[in-house]
Amino acid sequence: MKNILTKIYFKYAGHIFSLLPWLLNFIPPRTLVVEASNMCVLNCPACTTVNLSKRAKGKMSFGVFKILLDGIDWKPKQINFSFAGEPLLNHELFKMIRYAKDKGIDSVVETNGMLLSGCIDELLDSGIYKLNIAFDGISQENISKYRRGMDFNVLLSAIRQLVATRARRNLRRPKVHLQFIVMKHNQDYIDRAIEMAKELEVDAIDFKSMIISVGLGFNREARQKHALEYLPDLEEFLRYKQIEGEWQLKENYRGFCTQVLSDAVIMWNGDVTVCSMDVQGDLVVGNILKSPLRKIWVSNKYSDLRQRILKRQLESCGDCGYLLGIFKSVKVKN
Ligand SMILES: C[S@@+](CC[C@H](N)C(=O)[O-])C[C@H]1O[C@@H](n2cnc3c(N)ncnc32)[C@H](O)[C@@H]1O
Ligand code: SF4
């Protein structure tokens, strides 16, 4: 019933809020996307972090996070600690997750797993709700075609250690999901990856389609090069198609952007942007060190941009694959 109501809400919400944007003053964001760090230990070629050119690098301090949470007067459904960068590089991450948990807010983290083995007890102590671990290859050679710098044995051993410690401590959380971006070099190993997920005794493996457009700042040549090198042939995992030699989104931006109604993004330095694809910070509308998030959420600047996005007037939205994010989750554990 709840799912049906949510579907109905998002079906009509775009129409309603594009006509009456002030209504959102009463509906603060359900999800906070918090950038724990915009730095990384890996070098994945079509990642926004690696291609980040316009923003300074850094990590959010616990002080900034506390100002954010102490300044909100509603209860968000969850905090997602992944925007750009590798969250585990932030040594105060688990303190933030615990602080949120004590306020009744669940946290989700996406990680490349390279630093995981060093913080397993701390992670389990934090009360984290879900961990997504990058796993888009079935061997060292295969995975490092995209995850440049990754050590596959370190990854496997960290996952095993996490799952075993969670079991030993008799904990149900976090849910542990592997995350597999389907690309040219790994598309033939989907079944093998599911087998490995079973062997590793994680909860699920999620298959996701690749992005080569918005947020990356690629020019035509770079987009072409990455498309040829990485896009798979499997139609069900392709967001793009070639039209007269150019890689374009399969379907144009259609429907309303639901994330602009439900998510607020807070970058490591407190800047707030309206779009969870705006990794370069082109759409920053305020900073939580200067005013609380709710005030920014209802500000004219935020409302104007939100309305332009809902009315499909923003140029970058035309190239955004957010709504077409093909996603298939395979549960491997009961
Ligand atoms: C910027 S990463 C940050 C989290 C972490 N470092 C990681 O790799 O999982 C955020 C998410 O983007 C995914 N990602 C990286 N490159 C991508 C691409 N070209 N298309 C779609 N997703 C991508 C990552 O797998 C991760 O789920
Ligand atoms: S590990 Fe994550 S943040 Fe780091 S380069 Fe790869 S996708 Fe980007």
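A. Molecular detail of the sheet that holds strand β12 (residues 327-331). Pairing within the open sheet is mixed, and its 10 strands lie in the order β11-β10-β9-β1-β2-β3-β4-β5-β6-β12. Where the open sheet ends on each side, the last strands, each with one partner, are β11 (284-287) and β12. Pairs of neighbouring strands in the sheet enclose a mean axial angle of 25°, with direction left out of account. One ladder, built from four bridges, connects strand β1 (residues 31-34) with strand β9 (residues 263-266); its direction is parallel. Bridge pairing in β9 links Leu32 to Ala264.

B. Region of the structure containing the site of ligand 1. Ala46, Cys47, Glu86, Glu110 and Ile211 are the nearest of the 18 residues found near ligand 1. Mapped onto the shell around ligand 1, the elements with two or more residues apiece are β3 (106-111) and β5 (175-181). A class-by-class count of the residues in the shell around ligand 1 yields nine nonpolar, seven polar and two charged.

C. Focus on the site of ligand 2. For ligand 2, the full set of nearby residues is Cys40, Leu42, Asn43, Cys44, Cys47, Thr49, Val50, Gly85, Glu86 and Asn112. Residues of the shell around ligand 2, tallied by class, amount to five nonpolar, four polar and one charged.

D. Focus on unusual backbone geometry. Omega for the peptide link from Arg173 to Pro174 comes to 5°, which places this bond in the cis form. One non-glycine residue, Glu201, lies in positive phi territory at about 60°. Tracing the sequence through the fold places Glu201 in the loop between α7 (190-200) and β6 (204-208). The exposure class of Glu201 is partly exposed, given the 15 C-beta atoms found within 10 Å.

E. Fine view of the packing of helix α2 (residues 62-70) against helix α3 (residues 93-102). Interaxial distance between α2 and α3 falls to 10 Å at its minimum, and their mutual angle equals 20°. Overall, the two elements α2 and α3 adopt an arrangement that is roughly parallel. The two elements α2 and α3 meet at a crossing, and its hand is right-handed. Contacts between α2 and α3 involve Phe62, Phe65, Lys66 and Leu69 from the first element and Lys95, Met96, Tyr99 and Ala100 from the second. Across the contact of α2 with α3, the residue classes break down as six nonpolar, no polar and two charged.

F. The pairing of strand β8 (residues 246-249), seen in detail. Pairing analysis gives four bridges linking strand β7 (residues 240-243) to β8, with the strands arranged antiparallel. When the sheet's bridge partners are listed, Gln242 is paired in β8 with Trp247. Turn length for the β7-β8 hairpin, with the two strands adjacent in sequence and antiparallel, is two residues, and the turn residue Glu244 shows positive phi of about 45°.

G. Fine view of the nonpolar core. One finds Val34, Phe180, Met210, Ile212 and Ile266 to be the most contacted residues of the largest nonpolar core, which totals 86 residues. A total of five residues in this core trace back to one element, the largest contributor, which is α3. Ignoring any residue separated from it by four or fewer positions in sequence, one finds Val34 in contact with Met60, Ile79, Phe81 and Ile266.

H. Structural view of α2. Looking at α2, one finds that the buried residues are Val64, Phe65 and Leu68. For α2, the angular spread of buried residues about the axis comes to 100°, placing them on one side. The outward face of α2, more than 90 degrees from its buried face, is lined by the exposed residues Gly63 and Asp70. Looking at the packing, one finds that the buried side of α2 touches α3, β9 and α10 (293-297).

I. Quick look at α7. When α7 is considered as a whole, its buried residues turn out to be Ala193, Met196 and Ala197. For α7, the buried positions fall inside an angular range of 105° around the axis, keeping them on one side. Residues Asp191 and Glu199 are exposed on α7 and point more than 90 degrees away from its buried face. On its buried face, α7 sits against β5 and β6.

J. Spatial organisation of the environment of Lys250. With respect to the helices and strands, Lys250 occurs in the loop between β8 and α9 (259-262). The exposure class of Lys250 is partly exposed, given the 13 C-beta atoms found within 10 Å. When the C-alpha positions of Lys250 and Tyr240 are compared, they lie 4.6 Å apart, and in sequence the two are 10 residues distant.

Definitions and cut-offs
Residues numbered from 1 in each chain as written. Chains lettered and ligands numbered in written order. Predicted model: local features only at pLDDT ≥ 70, side-chain atom pairs only at ≥ 80, totals over all residues. Pairing = 2+ DSSP bridges. Helix = DSSP H or I, 4+ residues; strand = E, 2+ residues; numbered from the N terminus. Axes fitted to C-alpha atoms, helices over the stretch in contact; angles between N-to-C directions. Near = placed C-beta within 6 Å. Nonpolar A, V, L, I, M, F, W, Y, C, P; charged D, E, K, R; others polar. Buried ≥ 20, exposed ≤ 12 C-beta atoms within 10 Å, placed from the backbone. Parallel < 35°, antiparallel > 145°, perpendicular 65-115°, else oblique. Left-handed = near helix turned anticlockwise from the far one by under 90°. Contact = placed C-beta atoms within 7 Å. Core = buried A, V, L, I, M, F, W, Y, C linked by C-beta atoms within 7 Å. Arc of directions from axis to C-beta.

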